[in-house]
Structures are given as structure tokens and as C-alpha cells.
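The chain contents come next:
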Amino acid sequence: MIHQKYEKLKSILAEMDSVVVAFSGGVDSTFLLLAAREALGADRVLAVTADSETYPSEELEEAKRLARELGVRHDVIETSELAIPGYKENNGNRCYFCKKSLFEHLEPYVLEEKYNNIVYGLIADDMNEHRPGMKAAQEKGVRGPLQEAGLYKEEIRELSRLMGLPTWNKPSFACLSSRIAYGETITAAKLDRIGESERYIRSLGIRQVRVRTHDDIARIEVEPQQMGLLLEHADQVTERLQSLGYKYVAMDLGGYRSGSMNRALTQKEGNIHAPV
């Protein structure tokens, strides 16, 4: 079944003739980039990565390395989400403003360099989640071939493993702004604090971590099987995060789960699905 979906994916991409891939270096966009190269050839594929306050430097370096290994042209553009009107206010539609700006930055490649389509790493799982960026994609005519082919995250991981991609078991990643509670203003200082906090916790051998930020409270999410390891280093973690500006440091007993901040939106009638 997954091989049939992969063939469908390549067929979708082949019909596009040439593509600009919004490339973060994560599991989904890396697999999409590989599929695009296989379907179109390297000369008809361009990977573009947006370097901004919300994107850790180590992720950028990995994206550069992956693009080199895949043998496709890779451009890095400078963006600033904090300069986008409506973004730093951090309401439930924050990701709409981010994706709209990203796609606008990619449009010149279509207009000036004659690539036919912009594509991004939307997957089948996303259709049941709070994804305001989908509205921006629809407005800009940006396509999600992975979702169109019906590919789910675990299928993408398995196909990535079979094809030798090093990202097949890479921990899921989302922009650093996703750690800040809705309604709380996003600032560069908060993003730096979150990035450094997560970098430190990963240095302890913890694979997947989110430092969810509620003003001066750090609510740490790790996978349940690594809670014991986090607790072993509780004193060091508390000391380090407090040195970065948090007053209180707590571990979430529910463990890591993608998009956990979105639970707050369900308390506002009708907001969880807007504007997807």
C-alpha cells in the first residue's frame, strides 16, 4: 500500500514539471524533496529554507547538509516572523500569517525563475488537526503532494527508512513559537530562551522535548519512556532553565504530544477549526 502511495506521489509531482520545495529539513519535507528529485530530476527541483528567529541554527545546518546529500539546489532566504503583522500577537491563527509570508517569499521563484509550483510538507495527518497555514496555502495555490497522495507520518517514516534517508526516525519538530501559550506575545528573547532550554535538555540524552512556555513557567514535555531520565537531572534542569529566566520549571505528566497548546483553543467555541 505505501509503495502504491509513493508511486502516486511521484505521478503528482511529475505532472507539475518543476517545483520549489519549502524545505525545513524535517521528516516530511526531506522525503518530499527526495520524491521530487526522483520524479522530476534534480535540475527541476529547488529547495528553499527560510532562516528566521523561530528556526534553530542547528536545524538550518542540517537542512543544508541534507540538500547537499540529495544533490539539489538549495537556497536559504532570510525572513522574520516577528515582523509580520498579526504574528507576534500569537492568536489561534498565528500559523496562517507565517505560512502566508513564507509562500510570498517563494513566489518570485515561480515568477522570475519559471518554476511551475510551490509545494510544502502537508501530510494526511494534518487534515484532522489545527493547521491555519492550510488556508494560506489554498489562497496562494501552494500544494501538498504528500497529503494529496494520502501519505501519513508513519508511512513517510517507513518509506524514508527504506530509501535510506537519515531523517526517517528524526524527532518531530515545529517552530519555536509553537511552545508559547496562545495570547502571550512572542518575542525574540522568549524564542532564544526556549531554544537554549531545549538544546540543554537534549544534551542530556533526551530525544524529543518541548519546553512549553506559560509566561515565567516552563512546562517540559518529553516522551513517557524518558521521564525517568529527565527526573534524574531535575536539579540541573531546574537550575539551568531558571538561569535562562524561568521562575518555575515543571514536567508535564501527560508526556510529549504534538500540538498540545491547541487544547486551549478548544475552550473557545468554533476556534479550533478556524481558519483551516
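Quantities reported herein were computed from a predicted structural model and do not represent experimental measurements.

A. Expanded view of the sheet that holds strand β7 (residues 248–251). In spatial order, the strands read β5-β6-β7; together these three strands make up an open sheet with mixed pairing. Looking at which strands have only one partner, the edges of the open sheet turn out to be β5 (209–214) and β7. Averaged over all adjacent pairs, the angle separating strand axes in this sheet is 25 degrees, with direction ignored. Both strand β6 (residues 217–222) and β7 contribute to a ladder of four bridges, which runs parallel. The partner of Ile 217 across the bridge, within β7, is Tyr 248. In the packing of helix α8 (residues 188–202) onto the sheet, contacts are made with β5 and β6, and the angle to β5 comes to roughly 145 degrees.

B. Representation of the UniProt feature "domain: NAD/GMP synthase" (unreviewed entry) in the protein chain in the model. Here, UniProt's "domain: NAD/GMP synthase" (unreviewed entry) annotation points to residues 15–80. Helix makes up 45% of residues 15–80 and strand makes up 26%, while its end C-alpha atoms are separated by 33 Å.

C. Spatial organisation of the confidence of the model for the protein chain. When the pLDDT values of the protein chain are averaged, the result is 92; 95% of them are 70 or greater. Across residues 267–276 the pLDDT falls below 50, and counting only partners more than four positions away or on other chains, this stretch makes 17 contacts in the model.

D. Main features of the packing of aromatic side chains. Under the criterion given, the structure shown has three aromatic pairs. Here the aromatic rings of Tyr 6 and Phe 31 are separated by 5.7 Å at their centres, their planes lie at 45 degrees, and the arrangement is tilted. Highlighted residues: Tyr 6 in helix α1 (residues 2–16) and Phe 31 in helix α2 (residues 27–40), separated in sequence by 25 residues. Note on Tyr 6: relative accessible area 8%, which makes it buried. With 5.4 Å between their ring centres and 75 degrees between their planes, Phe 103 and Tyr 120 make a pair best called edge-to-face. Residue Phe 103 is located in helix α4 (residues 94–113), and its partner Tyr 120 is located in the loop between β4 (117–119) and α5 (133–140); the two are separated by 17 residues in the primary sequence. Accessibility assignment for this pair places Phe 103 and Tyr 120 in one class, buried. It is Arg 193 that lies over the ring of Tyr 246; its NZ or CZ is 3.9 Å from the centre.

E. Summary view of the domain arrangement of the protein chain. When its domains are assigned, the protein chain resolves into domain 1 (1–163) and domain 2 (176–263). Between domain 1 and domain 2, the C-alpha centre-to-centre distance is 27 Å. Facing 13 residues of domain 1, the contacting portion of domain 2 comprises 16 residues. When the two sides are added together, the surface that domain 1 and domain 2 hide from each other amounts to roughly 1200 Å², 48% of it contributed by carbon and sulfur. Its largest share of buried area at the contact with domain 2, domain 1 owes to Glu 58, Asn 90 and Arg 94, together 37% of the area lost on that side. Our count for the contact surface shared by domain 1 and domain 2 stands at two salt bridges. Between Glu 58 and Arg 202 there is a salt bridge; the shortest N-O distance is 2.8 Å. Our count for the contact surface shared by domain 1 and domain 2 stands at nine residue pairs in polar contact (both at pLDDT 80 or more).

Here is what the cut-offs are and how they apply
Residues numbered from 1 in each chain as written. Predicted model: local features only at pLDDT ≥ 70, side-chain atom pairs only at ≥ 80, totals over all residues. Heavy atoms only, no water. Pairing = 2+ DSSP bridges. Helix = DSSP H or I, 4+ residues; strand = E, 2+ residues; numbered from the N terminus. Axes fitted to C-alpha atoms, helices over the stretch in contact; angles between N-to-C directions. Contact = heavy atoms within 4.5 Å. UniProt positions renumbered as here; feature names shortened; annotations may be inferred. pLDDT = per-residue confidence, 0-100. Phe/Tyr/Trp six-rings, centres within 6.5 Å; stacked < 30°, edge-to-face > 60°. Buried < 20%, exposed > 50% of the residue type's maximum accessible area, 1.4 Å probe, protein only. Lys NZ or Arg CZ within 6 Å of the ring centre and 35° of its normal. Domains from an automatic or database assignment. Buried area = accessible area lost by both parts, 1.4 Å probe. Salt bridge = Lys/Arg side-chain N within 4 Å of Asp/Glu carboxyl O. Polar contact = N/O pair within 3.5 Å; in protein donor to acceptor, adjacent residues only side chain to side chain.

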